[in-house]
2 protein chains.
Amino acid sequence: MTAQNVWRGAGRRIEICDVGLRDGLQMEAQFVPTQDKIVLVEALAAAGLTKIEVTSFTSPTAIPALRDAEIVMREIVRRPGVAYTALVPNVRGAERAIESGTDELNLVMSVSETHNLANLRMTRAQSFAALSQVIAVARGAGVPVNVSLSCVFGCPMEGDVPHEEAFAWVQRFADLGVAGITLCDTTGMAYPTQVVQAVAAALARWPQLAFTLHFHNTRGLGLANVLAAIDAGATRFDASLGGLGGCPYAPGASGNVCTEEVVHALQLMGYDTGIDLPALLAAARRLPALIGHEVPGQITKAGQRLDLHPPPPGLPAIRERALARAAAA
Amino acid sequence: MTAQNVWRGAGRRIEICDVGLRDGLQMEAQFVPTQDKIVLVEALAAAGLTKIEVTSFTSPTAIPALRDAEIVMREIVRRPGVAYTALVPNVRGAERAIESGTDELNLVMSVSETHNLANLRMTRAQSFAALSQVIAVARGAGVPVNVSLSCVFGCPMEGDVPHEEAFAWVQRFADLGVAGITLCDTTGMAYPTQVVQAVAAALARWPQLAFTLHFHNTRGLGLANVLAAIDAGATRFDASLGGLGGCPYAPGASGNVCTEEVVHALQLMGYDTGIDLPALLAAARRLPALIGHEVPGQITKAGQRLDLHPPPPGLPAIRERALARAAAA
């Protein structure tokens, strides 16, 4: 072990993009009132998040939970230095997002043909063609584009997806001049050995692209994968407030890696996330009332590691009785 | 990154001791019938666990959940090569454990004075004196002793415990000739930077001792801490079937690191745990019915990473419609 290794952050900067309002809320049965969404976004920005995926400009009938996309995006009070992004499925969504003042468009397709067909009802080639049009619209408007590639670390229906196949899609989008690529572990299939290989290869091959890693904690590997990715050179991660965002293939299992858990862990390890953890936790504590159930994240339940508890009130008496027993023995 | 690093197990052996029947069940309100405990222990041994903490020879009134300690320890059908251990609080417990055929005694005290007083109603000095007597009894019977030191990575009431203070207790027990020491993160306060330092220092200072690491996933750091410890040279870990075993200071948060999650992760990474994961999962799936609630572990909910799901039945029709739309456009 060297003085600086993955276990010792030594002040290195890690950027977190919170995706809870999009990847999390889109799964929730209970509609979160528009004003509460706005308050959450503003709370995340105030806590120091520099990128927030605010909503999705999808069809309101497809994802009714996010039917208020325009209002939320327009009405949040913006903080300088924060990128307010949104998921955009097509040109119509891109136009809505751009009109609403979205700072960056996040496009999604899957590197698994089966997953893309099942989720987006298009072949990958069709998705790529449609997203190419979106990229042209965004370029015309001067809005940067990030592409989130699903199932890079495995598809729940096809199984392993060879990295070269995933990388072929990265190359196609790199050729279109996108600013960033998010490598997504959509259903929690990633594991550290694989993550280290994929991240190291991607960073070496496309030094001009801003890569983000998007992990789910479906099988308890989320934080381990974050650390493996950091060890391979990654500096940007998606995470979800409260750990919201599940996977339809794993009912009852955890969702996205939890923003406050990742920040708590990285700060303890000496990384610089730029995030005010108590403020972040205050935002996370709003969630259960808004969504009607507990969140997977542990820190709002357990507290930070040095949130101490008072000793039992009878401790002096316990000590006296213990010492008296010893004296009598 | 070198060819062999922590992310790449490369066949290295990691030993897991399951503590679910003791550290887990002692917290459960519902009494698990004796015969079901025996079946679970036998299932764990059949799955390849080489060390199982079977029960605790505590006062039946103190921990009624484990009031059947003698019967369980006597009636399990033993497998060669498996160490059936038990927690023992005092000489009376040691005598009961030895009479019941326990292979190794696990003694517990805390390196935090406050935690020891609050939990064991003794000062640390008193605990050490009592455990010294237990060690003498065990030596007389030729039964090896392991000492589990609580709060090595922090005390929920005192906060950080300096490693030198924890290590002073390791030295005292080393002087008494114990076979092993378990460094316990009793309430999930450990973090990787700290773990790497502590483990590396302990292994360097006491090469003759068998060190085990015992982590809780209270704040989502469990697996990361296991990997940090492996990177520092640790090869033995406690884990709990289903992730049972909570912490009274963190209601609702996760318990011990989950045996099947740790095994799933380590096997994917190329480590040799010697454990048959499907057999382990079959054992874990018995738990919810026995304890009356879901377990924290994710793998029984989400499946192994390559437990694939069938594509939606309409997938060929989805593809045809997608291609027809494209042709019409």
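Source: prediction; values computed, not measured.

Asker: How would you summarise the sheet that holds strand 7 (residues 210-214) of chain A if you had to cite specific residues and measurements?
Answerer: To summarise the sheet geometry, strands pair through backbone hydrogen bonds and adopt either a parallel or an antiparallel arrangement. Residue and element names in this part refer to chain A. In spatial order, the strands read 1-2-3-4-5-6-7-8; together these eight strands close into a barrel with parallel pairing. Strand-to-strand twist across the sheet, computed as the mean angle between neighbouring axes with direction ignored, equals 25 degrees. Sheet strands touched by helix 2 (residues 34-46): strand 1 (15-18), strand 2 (51-56) and strand 3 (83-87). Its angle to strand 2, the strand with the most contacts, is close to 165 degrees.

Asker: Residues and numbers for the interface of chain A and chain B, please.
Answerer: Taken together, the contacts link 71 residues of chain A with 71 residues of chain B. When chain A packs against chain B, close to 5,600 Å² is buried across both sides, 62% of that on carbon and sulfur atoms. Counting the surface chain A buries against chain B, the share from its top three residues, W7(A), R219(A) and R305(A), is 16%. Where the side of chain A that touches chain B is concerned, the elements lending two or more residues are helix 5 (113-120), helix 8 (192-205), helix 9 (222-231), helix 10 (259-268), helix 13 (299-302) and helix 14 (315-328) of chain A. Residue contributions to the side of chain A that touches chain B peak at eight residues, all from helix 14 of chain A.

Asker: Provide a residue-level description of empty space enclosed by the protein, including the pertinent values.
Answerer: Considering all chains together, one arrives at four cavities of 30 Å³ or more under this definition. There is about 60 Å³ of room inside the largest cavity. Around the largest cavity sit 13 residues that line it, and H309(A), P156(B), T187(B), R219(B) and Y249(B) are the ones nearest its centre. Of the residues in the lining of the largest cavity, the class split is seven nonpolar, three polar and three charged.

Asker: Would you mind going over the pairing of strand 6 (residues 180-184) of chain A in detail, with residue names and values included?
Answerer: Residue and element names in this part refer to chain A. With five of its five residues buried, strand 6 lies for the most part within the structure. Burial along strand 6 is two-sided: G180, T182 and C184 and I181 and L183, pointing in opposite directions, are all buried. Here four bridges tie strand 5 (residues 145-150) to strand 6, and the two strands are oriented parallel to one another. Residue pairing in the sheet places N146 in a bridge with G180 of strand 6. Handedness of the crossover is the feature at issue here: the chain leaves strand 5, passes through helix 7 (residues 163-175), returns alongside strand 6, and the resulting connection is right-handed. Between the parallel pair strand 6 and strand 7, the chain is carried across by helix 8, and the sense of this crossover is right-handed.

Asker: Which residues make up the UniProt feature "domain: Pyruvate carboxyltransferase" (unreviewed entry) in chain A, and what values go with them?
Answerer: What UniProt calls "domain: Pyruvate carboxyltransferase" (unreviewed entry) maps, in this numbering, to residues 14-281 of chain A. Measuring from the first to the last C-alpha atom of residues 14-281 of chain A gives 18 Å, for a span that is 42% helix and 16% strand.

Asker: For the relation of the copies chain A and chain B, give the residues involved together with the corresponding values.
Answerer: With an RMSD of 0.0 Å, the operation that places chain A on chain B is a rotation of 180 degrees combined with a shift of 0.0 Å along the axis. A rotation of that kind, with that shift, is consistent with a two-fold axis. For chain A, the smallest separation between a C-alpha atom and the rotation axis is recorded for A224(A), amounting to 2.6 Å. Most of the interface of chain A is mirrored in chain B: 100% of its interface residues are interface residues there too.

Asker: Could you give an account of the packing of helix 8 of chain A against helix 9 of chain A, with specific residues and numbers?
Answerer: All names here are of chain A. Viewed as axis vectors pointing N to C, helix 8 and helix 9 meet at an angle of 35 degrees, and their least axial separation amounts to 8 Å. Remark: the crossing between helix 8 and helix 9 carries right-handed chirality. Touching P192, V195, V196 and V199 of helix 8 are A224, N225, A228 and A229, all from helix 9.

Asker: Summarise the pairing of strand 7 (residues 210-214) of chain B; cite the residues concerned and give the values.
Answerer: Residues and elements named next belong to chain B. Counting buried residues along strand 7, four of its five residues qualify, which places the element largely inside the surrounding structure. Alignment of strand 6 (residues 180-184) against strand 7, held across five bridges, turns out to be parallel. Counterpart to G180 in the pairing with strand 7 is A210. Pairing of strand 7 with strand 8 (residues 236-239), which is carried by two bridges, proceeds in the parallel orientation. Directly across from H214, in strand 8, lies its bridge partner D238. Following the backbone out of strand 7, through helix 9 (residues 222-231) and into the adjacent parallel strand 8, one traces a crossover that is right-handed.

Asker: Explain the environment of L209(A) to me, and be specific about the residues and the numbers.
Answerer: All names here are of chain A. With respect to the helices and strands, the residue L209 is situated in the loop between helix 8 and strand 7. Note on L209: relative accessible area 8%, which makes it buried. Note: C-alpha distance between L209 and V178 (31 residues apart in sequence) is 7.8 Å. With near-sequence residues (within four places) excluded, L209 lies in contact with V170, A174, V178, A179, G180 and I181.

Asker: Residues and numbers for the packing of aromatic side chains, please.
Answerer: The geometry of an aromatic ring pair is captured by two quantities: the separation of the ring centres and the angle between the planes. The final tally for this structure, using the stated rule, is 11 aromatic pairs over all chains. Note on W206(A) and F211(A): the rings are 6.1 Å apart at their centroids and 50 degrees apart in plane angle, and the pair reads as tilted. Both residues of the pair, W206(A) and F211(A), belong to the buried class. With centroids separated by 4.9 Å and ring planes inclined at 70 degrees, the aromatic side chains of F128(B) and F173(B) adopt a geometry described as edge-to-face. Here F128(B) is found in helix 6 (residues 124-141), whereas its partner F173(B) is found in helix 7 (residues 163-175), with 45 residues between them in sequence.

Asker: Summarise the environment of I181(A); cite the residues concerned and give the values.
Answerer: Residues and elements named next belong to chain A. The residue I181 is located in strand 6 in this model. In sequence terms I181 and V108 are 73 residues apart; their C-alpha atoms lie 9.9 Å from each other. Contact partners of I181, with chain neighbours within four places excluded, come to N146, V147, L149, V170, F173, L209, A210, F211 and T212.

Asker: An account of the environment of T102(B) is needed here, citing residue identities and associated values.
Answerer: All names here are of chain B. Inspection of the secondary structure assignment puts T102 in the loop between helix 4 (91-99) and strand 4 (104-110). Given the relative accessible area of 5%, T102 is considered buried. Within the structure, T102 has its side chain in polar contact with the backbone oxygen of A97 (distance 2.8 Å).

Asker: Outline helix 7 of chain B, supporting the account with residue identities and numerical values.
Answerer: Residue and element names in this part refer to chain B. End to end, helix 7 covers 18 Å across 13 residues, agreeing with the expected 18 Å (1.5 Å per residue, within 8%). Buried within helix 7 we find H163, A166, F167, W169, V170, F173 and A174. The buried residues of helix 7 occupy one face: seen down the axis, they fall within an arc of 155 degrees. Those residues of helix 7 that are exposed and angled more than 90 degrees off the buried face are E164 and D175.

Asker: I'd like a rundown of the pattern of salt bridges, residues and numbers included.
Answerer: All chains considered together, the criterion is met by 26 salt bridges over all chains. Among the ionic pairs, E70(A) bridges to R96(A), the shortest N-O distance being 2.7 Å. On the criterion of sequence distance, the pair formed by E70(A) in helix 3 (residues 69-75) and R96(A) in helix 4 (residues 91-99) is long-range, its members being 26 residues apart. The salt bridge involving D160(A) is made with R305(B); its shortest N-O contact spans 2.7 Å. In this pair, D160(A) sits in the loop between strand 5 and helix 7 while R305(B) sits in the loop between helix 13 (299-302) and helix 14 (315-328), so the two residues belong to two different chains.

Rules used throughout
- Residue positions within a chain follow its written sequence, with the count starting from 1.
- Chain letters and ligand numbers both follow the written order, the letters beginning at A and the numbers at 1.
- Reporting of local features is limited, given that this is a predicted model, to residues whose pLDDT is at least 70; pairs of side-chain atoms are given and counted only at 80 or more, and all residues count toward the totals for whole chains, interfaces and linings.
- Side-chain metrics rest on all non-hydrogen atoms present in the structure, leaving aside hydrogens and water.
- Criterion used throughout: strands pair if DSSP finds at least two bridges between them.
- Numbering goes from the N terminus for both helices and strands, where a helix is a DSSP run of H or I of at least four residues and a strand is a run of E of at least two.
- In this description, a line fitted to the C-alpha atoms serves as the axis of each element, helices being fitted only across the stretch in contact, and the angle between N-to-C directions of two axes falls anywhere from 0 to 180 degrees.
- By definition, residues are in contact when any of their heavy atoms lie within 4.5 Å.
- Accessible-area loss on putting two parts together, using a 1.4 Å probe and summing over both, is the definition of buried area adopted here.
- In this analysis, the protein atoms alone were mapped onto a 1 Å grid. Cavities are point sets where a 1.4 Å probe fits without being able to get out; pockets are open sets with protein on both sides within 12 Å along at least five of seven lines; lining residues have an atom within 4 Å of a point.
- Grid points are joined across faces, edges and corners, and a volume is the space filled by probe spheres set on the points.
- The residue classification treats Ala, Val, Leu, Ile, Met, Phe, Trp, Tyr, Cys and Pro as nonpolar and Asp, Glu, Lys and Arg as charged. All others, Gly included, are polar.
- The buried label applies to any residue whose accessible area, calculated with a 1.4 Å probe on protein chains only, is under 20% of its type's maximum; exposed applies above 50%, and partly exposed to all values in between.
- By the criterion used throughout, a crossover qualifies as right-handed when its path from the first strand across the helix to the second strand runs clockwise, the strands pointing away from the viewer.
- UniProt positions are given in the numbering used here, feature names are shortened, and annotations may be inferred rather than shown by experiment.
- We place the copies in one frame by least squares, fitting the C-alpha atoms of every residue whose pLDDT is at least 70 in both.
- Less than a right angle of anticlockwise turn of the near helix away from the far helix marks a crossing as left-handed, whereas a clockwise turn marks it as right-handed.
- Stacked, tilted and edge-to-face pairs are distinguished by plane angle, under 30 degrees for stacked and over 60 for edge-to-face with tilted covering the rest, among Phe, Tyr and Trp rings (Trp via its six-membered ring) whose centres lie within 6.5 Å.
- Definition of a polar contact: a pair of N or O atoms within 3.5 Å, with one able to donate and the other able to accept a hydrogen when the atoms are protein atoms, and with sequence-neighbouring residues admitted only if both atoms are side-chain atoms.
- Expected span of a helix: the number of residues minus one, times 1.5 Å.
- Directions pointing from the helix axis toward each C-beta atom define the arc.
- What counts as a salt bridge is simple: a side-chain nitrogen of Lys or Arg found within 4 Å of a carboxyl oxygen of Asp or Glu.

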